[in-house]
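Take a look at the letters that make up each chain.
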Amino acid sequence: ETREKMVSILVATLPVLLSALQTDIYTNKAESLYKLLSKEKYQGDLLKNLSSTTSEELKKEGDQILESVFGNKQSELLNALAAVFEVKPRAISVSFKMSAAIIFDILGNLIQKENLALSDLSILIFSVLGANSKYTKSFLDTILKENKNADIIDDASGMILGGGNDKSKDQSILGGYTGGK
């Protein structure tokens, strides 16, 4: 798949995942979701060590998350997204799994850092979706400051999109717009 198509897939899968989490909150699954996000493994360690995490580790963790969130509807969702983007379900699956691992680590970190209760979970997810601003600053701080490597967004997108961490290219945001030139 082309890099542009994979970026489109990545952009589409994050809101799908976050919306599914929001739906879980409103369908009496909030407590189990909160317990899952409050686990020690989702306290920001992945985010802090993203450059040393393998894509296989991300996919394995993401697979467990997606199974927990979507259950037996996961393959149906992946097939539907694959049809929309006219790609193979595997391309969607890899992106979705890796994104899920990263977003769960960020959400778990925010729950710990902000000392959030179960009742705050919905507002947190709305903040990450951009529909509420209560935790937006904390979310951005987590993404930009928790990782010792300043290139966290590039590292994450490189892993998800299969580009790795090629430091020979311009890794800045502007570099992303110019194709790393």
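Scroll up a little and you will see the structure.
Quick look at the structure, then. (Residues numbered from 1 in each chain as written. Predicted model: local features only at pLDDT ≥ 70, side-chain atom pairs only at ≥ 80, totals over all residues. Heavy atoms only, no water.)

Before going further, it helps to spend a moment on the overall build of the chain. When helices and strands are tallied, the chain shows 10 helices and 0 strands. Start at the N end of the chain and walk to the C end: the helices and strands fall as α-α-α-α-α-α-α-α-α-α. Across the 181 residues that make up the chain, the buried fraction comes to 46%. The contacts in the chain between residues at least 6 apart in sequence include a share of 70% that link residues at least 24 apart. (Helix = DSSP H or I, 4+ residues; strand = E, 2+ residues; numbered from the N terminus. Buried < 20%, exposed > 50% of the residue type's maximum accessible area, 1.4 Å probe, protein only. Contact = heavy atoms within 4.5 Å.)

Another point: the packing of aromatic side chains. A full pass over the atoms with the stated rule returns 2 aromatic pairs. Considering the side-chain rings of Tyr42 and Phe104, the 5.5 Å spacing of their centres and the 70° angle between planes classify their relative orientation as edge-to-face. With a gap of 62 residues between them, Tyr42 in the loop between helix 2 (30-37) and helix 3 (45-48) and Phe104 in helix 6 (residues 89-113) connect regions that are remote in the sequence. When its relative accessible area of 3% is taken as the criterion, Tyr42 is described as buried. Between Phe70 and Phe96 the ring centres are 5.7 Å apart and the planes differ by 40°, which places this aromatic pair in the tilted class. Remark: Phe96 occurs in helix 6 and Phe70 occurs in helix 4 (residues 55-70); sequence separation between them is 26 residues. (Phe/Tyr/Trp six-rings, centres within 6.5 Å; stacked < 30°, edge-to-face > 60°.)

All right, on to the nonpolar core then. Counting residues in each nonpolar core, the largest one holds 46 residues, and the members touching the most others are Phe104 and Leu124. Per-element accounting of this core gives the leading share, 14 residues, to helix 6. Apart from the residues lying within four places of it in its own chain, the contact partners of Phe104 are Leu21, Leu33, Leu36, Leu37, Tyr42, Ile65 and Val69. (Core = buried A, V, L, I, M, F, W, Y, C linked by side-chain atoms within 4.5 Å.)

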